[in-house]
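A structural walkthrough
If you want the building blocks of each chain, they are given just below.
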Amino acid sequence: MSASTVTLDDIVAAHRQMRERNPLVQCLTNTVSVQFVANALLAAGAAPAMVDNPEEAAGFAGIADAVLVNLGTPTAAQVESSRLASAAAREAGKPWVLDPVGAGGLPWRTQVAVELLANHPSVIRANASEVMGLAGARGASRGVDSSARAADSVDAARSLLDRAEIVAASGDVDHVVGQGSLVKLGGGSALLQRVTATGCALGALTAAYCSISPNALIGAVAAHAHVAVASEIAARSTSRPGSFAAAFLDGLDTVDESLLRELVRLDTA
Ligand SMILES: Nc1ncnc2c1ncn2[C@@H]1O[C@H](COP(=O)(O)OP(=O)(O)O)[C@@H](O)[C@H]1O
Ligand SMILES: Cc1ncsc1CCOP(=O)(O)O
Ligand SMILES: [Mg+2]
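Within each chain, residues carry numbers counting from 1 in the order of the written sequence. By the order in which they are written, chains take letters starting at A while ligands take numbers starting at 1. The model is predicted, so local features are restricted to residues of pLDDT at least 70 and side-chain atom pairs to those at 80 or more, both for listing and for counting; the totals for chains, interfaces and linings are taken over all residues.

Some words on the overall build of the protein chain
Defined as follows: Each helix is a run of DSSP H or I of at least 4 residues and each strand a run of E of at least 2, with the numbering of both proceeding from the N terminus. The quantity called the radius of gyration is restricted to C-alpha atoms. Its globule counterpart is 2.2 Å times the number of residues to the power 0.38. A residue is called partly exposed when the number of other C-beta atoms within 10 Å of its own lies between 12 and 20, exposed at 12 or fewer, and buried at 20 or more, with C-beta atoms placed from the backbone.
A tally of regular secondary structure across the protein chain gives eleven helices and nine strands. On C-alpha atoms alone, the protein chain measures out to a radius of gyration of 16 Å, which is about the 18 Å that the 2.2 N^0.38 rule sets for 269 residues. Along the three orthogonal principal directions, the C-alpha set of the protein chain runs to about 45 × 40 × 35 Å. Per-residue burial over the protein chain gives 56% buried out of 269 residues.

This is the structure in structure tokens:
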């Protein structure tokens, strides 16, 4: 099914734009992930700025090319910043991405995430359990890791499309869902699950890609493709999580047009 769809050429073009335009991404992200997310953006060709205090969050959303709101370790101040930055991004017509870490399993942050949907994110980027938890469906996990398959979260993802343009559910096969479209991406490496904050990095890249892509569907798919290919390259050199983390950052930098054309597993059927 594909009212609008994505081709390999779209992904290659988005990657070229990423390298040419070096988009600035404002990140309000969790304390576990800050440095890894910043390094992942730099390796992929974007520029990070972790501006997450309530005094500066809204103003900077008007300067940045895109905003990431990640609820992994939410404090009252960061939640306030998230409300301000997401509202300012919407007002300025900038893409913003919501990563509702732990949604479903933790009621307070789930409520915060649901309230943030009033500011209509370009993309909800989450693992399959979080997509289900945010939608109020069964399948939520106890913590921040998924206990569901992305294929099983597609109905929940669709139910969120009244409040988000795209819902991207990650897993062994990523499922990117929009109005009238479903794009599946295979490949990647299971080692991504053994390093914390790889999903957070994917959320930041999704924000970056949305700012330089013709639409949020292409932006979300291009980000997932970039991460999948980078992880495959990284897994060629190691099977251990510590060295994989470094190799993955190198992989984000190494990805180029020919690797995308060789390794992206796109299914738009
Ligand atoms: N079993 C798997 N095989 C390959 N890639 C995976 C697998 N599980 C997750 N991934 C990838 O890991 C990255 C993070 O996804 P995920 O672990 O679902 O999110 P989070 O880290 O937010 O829980 C995504 O790029 C996803 O495609
Ligand atoms: C371990 C942990 N605890 C709170 S946020 C966080 C990081 C989650 O990272 P990811 O969602 O990318 O796995
Ligand atoms: Mg996550």
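Quick look at the site of ligand 1
Quick note on the threshold: The criterion for a residue being near a molecule or strand is simple: its C-beta atom, placed using the backbone, must lie within 6 Å of it.
Taken together, 18 residues lie around ligand 1, and Asn127, Ser170, Gly188, Leu192 and Gly199 are the ones closest in. For the shell around ligand 1, the secondary structure elements donating two or more residues are helix H8 (198–212) and helix H9 (216–235).

Overview of the environment of Ser213
How we decide: Whether two residues are in contact is decided by their C-beta atoms, placed from the backbone, lying within 7 Å.
Tracing the backbone through its elements, the reader meets Ser213 in the loop between H8 and H9. Ser213 sits in the buried class, given 26 other C-beta atoms within 10 Å. In this structure the C-alpha to C-alpha distance between Ser213 and Asn127, which are 86 residues apart in sequence, comes to 22 Å. In this view, Ser213 contacts Ala14, Ile218, Gly219 and Ala222; residues no more than four positions away in its chain are not counted.

So, the UniProt feature "binding site: ATP" (unreviewed entry) in the protein chain
Here is the rule: UniProt positions are given in the numbering used here, feature names are shortened, and annotations may be inferred rather than shown by experiment.
Residues annotated in UniProt with the feature "binding site: ATP" (unreviewed entry) correspond here to Arg125 and Ser170. In summary, the annotated positions, though distributed over 46 residues, converge in three dimensions, the widest C-alpha pair being only 7.7 Å. Following the sequence through the fold, Arg125 ends up in strand E5 (residues 123–127). Excluding anything up to four places from it in sequence, Arg125 contacts Val97, Asp99, Ala168, Leu202, Gly203 and Thr206. Within the secondary structure layout, Ser170 lies in strand E6 (residues 166–170). Accessibility expressed as a C-beta count within 10 Å gives 28 for Ser170, which makes it buried. Not counting residues up to four positions away in its chain, the partners in contact with Ser170 are Asn127, Ala150, Gly199 and Leu202.

Describing the packing of H9 against helix H10 (residues 241–254)
For clarity, the threshold we go by: For helices, the axis comes from a line fit to the C-alpha atoms of the stretch in contact; other axes are also lines fit to C-alpha atoms, and the angle between any two N-to-C directions lies between 0 and 180 degrees. Relative orientations are named as follows: roughly parallel for angles under 35 degrees, roughly antiparallel for angles over 145 degrees, roughly perpendicular for angles from 65 to 115 degrees, and oblique for any other angle. Here a crossing is called left-handed whenever its near helix is offset anticlockwise from the far helix by less than a right angle, and right-handed whenever the offset is clockwise. Residue polarity follows a fixed list, in which Ala, Val, Leu, Ile, Met, Phe, Trp, Tyr, Cys and Pro are nonpolar, Asp, Glu, Lys and Arg are charged, and the others, Gly among them, are polar.
With their axes 7 Å apart at the nearest point, H9 and H10 run at an angle of 125° to one another. Classified by the angle their axes make, H9 and H10 are oblique. At the point where H9 passes H10, the crossing takes the right-handed sense. In this structure, H9 contributes His226, Ala230, Ser231, Ile233, Ala234 and Ala235 to the contact, and H10 contributes Phe244, Ala247, Phe248, Asp250, Gly251, Leu252 and Thr254. Of the residues belonging to the contact of H9 with H10, the class tally is eight nonpolar, four polar and one charged.

Structural notes on unusual backbone geometry
Of note in this structure, Asn22 is not a glycine but carries a positive phi near 45°. According to the C-beta neighbour criterion, Asn22 is partly exposed, with 15 such atoms within 10 Å. In the Ramachandran plot, Ala197 falls in the positive-phi region, its phi being about 80° despite a non-glycine side chain. Tracing the backbone through its elements, the reader meets Ala197 in the loop between strand E8 (181–185) and H8. A residue is classified by how many C-beta atoms lie within 10 Å of it, and Ala197, with 24 of them, is buried.

Side note on the nonpolar core
Rule in force here: Core membership is restricted to buried Ala, Val, Leu, Ile, Met, Phe, Trp, Tyr and Cys residues, and these are joined into a nonpolar core through C-beta atoms within 7 Å.
Ranked by size, the top nonpolar core spans 96 residues in total, and within it Ala204, Leu205, Ala208 and Val221 carry the most contacts. The element that contributes the greatest number of residues to this core is H9, accounting for 14 residues.

Description of the sheet that holds E8
Worth spelling out the cut-off: When DSSP locates at least two bridges between a pair of strands, those strands are taken to pair.
One open sheet holds the nine strands; their spatial order is E2-E1-E3-E4-E5-E6-E7-E8-E9, and the pairing between them is mixed. Among the strands making up the open sheet, the edge pair consists of strand E2 (47–49) and strand E9 (266–267). Sitting on the sheet, H8 is in contact with strand E1 (24–28), strand E3 (66–70), strand E4 (96–99), E5 and E6, with an inclination near 155° to E3.

Brief notes about the UniProt feature "binding site: substrate" (unreviewed entry) in the protein chain
The positions UniProt marks with the feature "binding site: substrate" (unreviewed entry) are Met50 and Ala197. Within the secondary structure layout, Met50 lies in the loop between E2 and helix H3 (57–61). For Met50, a count of 15 C-beta atoms within 10 Å puts it in the partly exposed group. Setting aside anything within four residues of it in sequence, one finds Ala197 in contact with Val32, Ser33, Phe36 and Val37.

Side note on the packing of helix H1 (residues 8–21) against H9
Contact geometry of H1 with H9 gives a least axis separation of 9 Å together with a crossing angle of 80°. Taken together, the axis directions place H1 and H9 in an arrangement best described as roughly perpendicular. From H1, Asp10, Ile11, Ala14 and His15 reach across to H9, where they touch Ile218, Gly219, Val221, Ala222, Ala225 and His226.

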